[in-house]
Each structure stands twice: as C-alpha cells, then as structure tokens.
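# Analysis of the macromolecular model
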Amino acid sequence: MGTYVRAAAQDSERLAADRAWVGWGVAAAATGMLAWVIGFALIPLDAKLDNGDQHLVQVLRAHTGQLYAAALLAVLGAVLLAAFFVVLTRLVPEGSPGWGLLRVSLAGCVITQTMVALGASFGLAGVHAAAGNAGAGLAALGWRALWLTFWASGVPTILFTVTGVLGLRQAGLSPPWVSALGWLSAAAHVLVLFTLAQRGPFAADGIIAGLVPLTTVIWILALAATLPRSRRAAAPATSGTGG
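A quick note: this is a predicted structure, and the numbers were derived from the prediction, not measured.

Check the secondary structure of the chain and you find nine helices and zero strands. Starting at the N terminus and ending at the C terminus, the chain contains elements arranged as α-α-α-α-α-α-α-α-α. Looking at the 243 residues of the chain, the share that counts as buried comes to 44%. Contacts spanning at least 24 positions in sequence make up 77% of the contacts within the chain whose residues lie at least 6 apart. About 11500 Å² of surface is accessible on the chain, with carbon and sulfur atoms providing 71% of the total.

Low pLDDT means the predicted atomic positions in that stretch should not be read closely. Here the chain averages 85 in pLDDT, while 85% of its residues score no lower than 70. Considering each helix and strand of the chain separately, the mean pLDDT is smallest for helix H1 (residues 2–41), with a value of 76, and largest for helix H6 (residues 154–171), with 95.

Attention now goes to the nonpolar core. Ranked by size, the top nonpolar core spans 27 residues in total, and within it Leu81, Phe84, Phe85, Trp219 and Ile220 carry the most contacts. Contributions of two or more residues to this core are made by H1, helix H3 (64–90), helix H4 (99–131), H6 and helix H9 (213–239). Considering each element in turn, this core owes the most residues, seven residues, to H9. Excluding anything up to four places from it in sequence, isoleucine 220 contacts Ala29, Met33, Leu81, Phe84 and Phe85.

Before going further, it helps to examine the packing of aromatic side chains. The geometry of two aromatic rings is summed up by the distance between their centres and the angle between their planes. Throughout the structure, instances matching the rule amount to seven aromatic pairs. An angle of 85° between the planes, with centres 6.0 Å apart, marks the rings of phenylalanine 84 and phenylalanine 85 as edge-to-face. This pair shows no difference in class: phenylalanine 84 is buried, exactly as phenylalanine 85 is. Counting every residue linked through ring pairs, the aromatic cluster contains Phe84, Phe85, Phe160 and Trp219.

The next subject is H6. For H6, spanning 18 residues, the distance from its first C-alpha to its last is 25 Å, which sits close to the expected 26 Å at 1.5 Å a residue. Taken together, the buried positions of H6 are occupied by Gly154, Pro156, Thr157, Ile158, Phe160, Thr161, Thr163, Gly164, Val165, Gly167, Leu168 and Ala171. Glycine 172 lies just past H6 and shows a positive phi near 75°.

This paragraph deals with the packing of H6 against helix H7 (residues 176–193). At their nearest, the axes of H6 and H7 sit 9 Å apart, and the two run at 160° to each other. By the angle between their directions, the pair H6 and H7 is classed as roughly antiparallel. For the crossing formed where H6 meets H7, the hand is left-handed. Of H7, the residues touching H6 (which contributes Gly154, Val155, Thr157, Ile158, Thr161, Val162, Val165, Leu166 and Arg169) are Pro176, Ser179, Gly182, Trp183, Ala186, His189, Val190 and Leu193. Here the contact of H6 with H7 is built from residues that sort into ten nonpolar, six polar and one charged.

Thresholds, definitions, all that
Chains are numbered independently. Their residues run from 1 in the order of the written sequence. The predicted nature of this model means local features are confined to residues of pLDDT at least 70 and side-chain atom pairs, given and counted, to a pLDDT of 80 or more, with totals for whole chains, interfaces and linings taken over all residues. Side-chain descriptors were evaluated using all non-hydrogen atoms of the structure, hydrogens and water having been removed beforehand. A run of H or I in DSSP becomes a helix once it reaches four residues, and a run of E becomes a strand once it reaches two; helices and strands are each numbered from the N terminus. When accessible area is computed with a 1.4 Å probe and restricted to protein chains, residues below 20% of their type maximum are described as buried, those above 50% as exposed, and intermediate ones as partly exposed. Residue contacts are counted whenever heavy atoms from the two residues lie within 4.5 Å of one another. Per-residue and other accessible areas were derived by the Shrake-Rupley procedure at a 1.4 Å probe size, with only the shown protein chains allowed to occlude residues. Across the chain, each position has a pLDDT score giving the predictor's confidence in that residue, from 0 to 100. The term nonpolar core refers to a set of buried residues drawn from Ala, Val, Leu, Ile, Met, Phe, Trp, Tyr and Cys, joined through side-chain atoms within 4.5 Å. Stacked, tilted and edge-to-face are the three classes applied to pairs of Phe, Tyr and Trp rings, where Trp contributes its six-membered ring and a pair requires centres within 6.5 Å; stacked means planes under 30 degrees apart, edge-to-face means over 60, and tilted covers the rest. How far a helix is expected to stretch is found by multiplying one less than its residue total by 1.5 Å. Lines are fitted to the C-alpha atoms to define the axes, a helix being fitted only along its stretch in contact, and any angle between axes, read from their N-to-C directions, falls within 0 to 180 degrees. Relative orientations are named as follows: roughly parallel for angles under 35 degrees, roughly antiparallel for angles over 145 degrees, roughly perpendicular for angles from 65 to 115 degrees, and oblique for any other angle. Handedness of a crossing follows from how the near helix is turned relative to the far one, being left-handed for an anticlockwise turn of less than a right angle and right-handed for a clockwise one. For this scheme, ten residues count as nonpolar: Ala, Val, Leu, Ile, Met, Phe, Trp, Tyr, Cys and Pro. Four count as charged, namely Asp, Glu, Lys and Arg, and the remainder, Gly too, count as polar.

Set out below in structure tokens:
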C-alpha cells in the first residue's frame with residue numbers, strides 16, 4: 001500500500017511539473033515565432049542584391065535602426081525556438097518512445113538557430129558598413145552572407161524537422177495533421193536547397209527563400225497549440241514508465 005501511494009505521489013508530481021514545462025514551452029514557441037515574423041517583416045522589400053550594391057547600401061543606410069531591431073528579434077526567436085525543443089525533450093523520459101529522435105532534433109535545432117544568429121550578425125555587419133560609409137562592396141558582402149547562411153541552415157532545419165516529427169509521433173505529442181505540417185515544412189526546405197539561383201524569386205534573398213521559413217513557423221505554432229492536449233493524452237502511458 002505504501003509503495004502504491006508513493007508511486008501515485010511521484011506520478012502526480014511529475015504531471016504537475018510537466019504541466020509547468022508545457023506552459024513555458026507554449027509561451028516560448030508563441031513568443032519566439034512572433035518575434036521571428038516581426039523581424040522578417042521589418043526587412044525592407046527593396047533590400048535586394050539584385051538591385052545593385054549602391055542601391056542596397058542606400059536602403060540599408062535608410063533603415064539602419066529598423067534592421068538592427070529585425071536582427072535582434074531574429075536572434076530572440078532563435079533562442080526561444082531552441083528553448084521550446086528543450087521543453088519537448090524534457091517531456092519524454094529517457095527510454096520512452098521518441099526519446100532518442102527528439103534529442104537528435106534538439107541538436108539539429110540548436111545548430112539551425114546558431115546559424116540564424118550568425119546570419120543576423122553578418123547582416124548587422126553589412127548594415128554597419130553601409131551606415132559607416134565603409135564601402136558598397138563590404139556592405140553587400142555582409143548582406144549576401146546573411147542570406148547564404150540562412151539558406152545553408154536549411155540542412156539542419158530538415159534534420160530537426162524530420163526527427164522532430166518522427167519523435168513526437170512516437171511520443172504521442174503530435175496529432176497527424178500537425179505532423180503533416182512538419183513534413184510539408186521539411187519538403188519546402190528541400191525544394192529551396194536544390195533550386196538556389198543567382199537572381200529572381202529563388203535567389204538566396206528571393207521571395208521563395210524568404211517565405212519557406214514561414215512553413216516552420218506554422219508547424220511550430222500548431223505544435224505548441226496542440227501540445228497541452230497531446231501531453232494530457234500521452235500522460236498515462238508516460239507515467240507508467242517512470243520511477
């Protein structure tokens with residue numbers, strides 16, 4: 001009897017802790033994706049490499065404060081998205097279905113968001129060069145490095161999306177329609193990786209490459225919105241694996 005009571009108490013404490021983690025995770029995901037969307041929206045539409053270095057410098061110089069805010073919001077979004085995946089891995093105990101895949105997903109997410117922060121730093125270097133009259137070529141180099149870094153982050157993005165979808169399905173934390181959004185996001189990133197062009201909509205700073213990350217935003221928001229209910233549904237099975 002005493003053993004049963006202790007086990008029930010441990011399960012109750014674990015469920016309470018998980019509810020708190022879910023709350024923090026949902027808040028991190030929603031805030032992070034909102035920050036990313038606002039940051040992306042702050043980038044001027046005519047800040048394109050296609051328009052020539054001199055025009056790009058003029059645009060960057062005219063929107064210096066706006067672009068600094070965009071970069072800081074992008075970094076904030078990256079940090080909070082990584083925090084959300086920390087929460088997801090916390091919700092699945094070691095040895096439970098999906099545990100290994102979710103840790104691979106977390107590693108891929110951290111790599112991706114590190115590249116996002118690095119790209120934002122390159123972009124800020126370009127903006128600083130434009131504002132300080134350091135030369136159009138240097139400013140364009142920083143801006144090009146920003147978008148090429150974002151493009152290269154597509155590889156770890158695909159990794160953390162695919163392993164995340166698989167791990168979350170195994171853990172019972174992702175409804176089928178949310179998993180479908182994850183697969184759509186992964187497919188969109190594969191498309192962009194293999195259709196990179198020097199100019200036009202498929203350029204590194206083109207409209208297609210800019211919109212594809214929104215598929216990740218939609219997937220993450222859907223996952224966060226359904227996480228409390230998914231966690232409650234998966235809780236009985238998970239509690240049976242614990243101490």
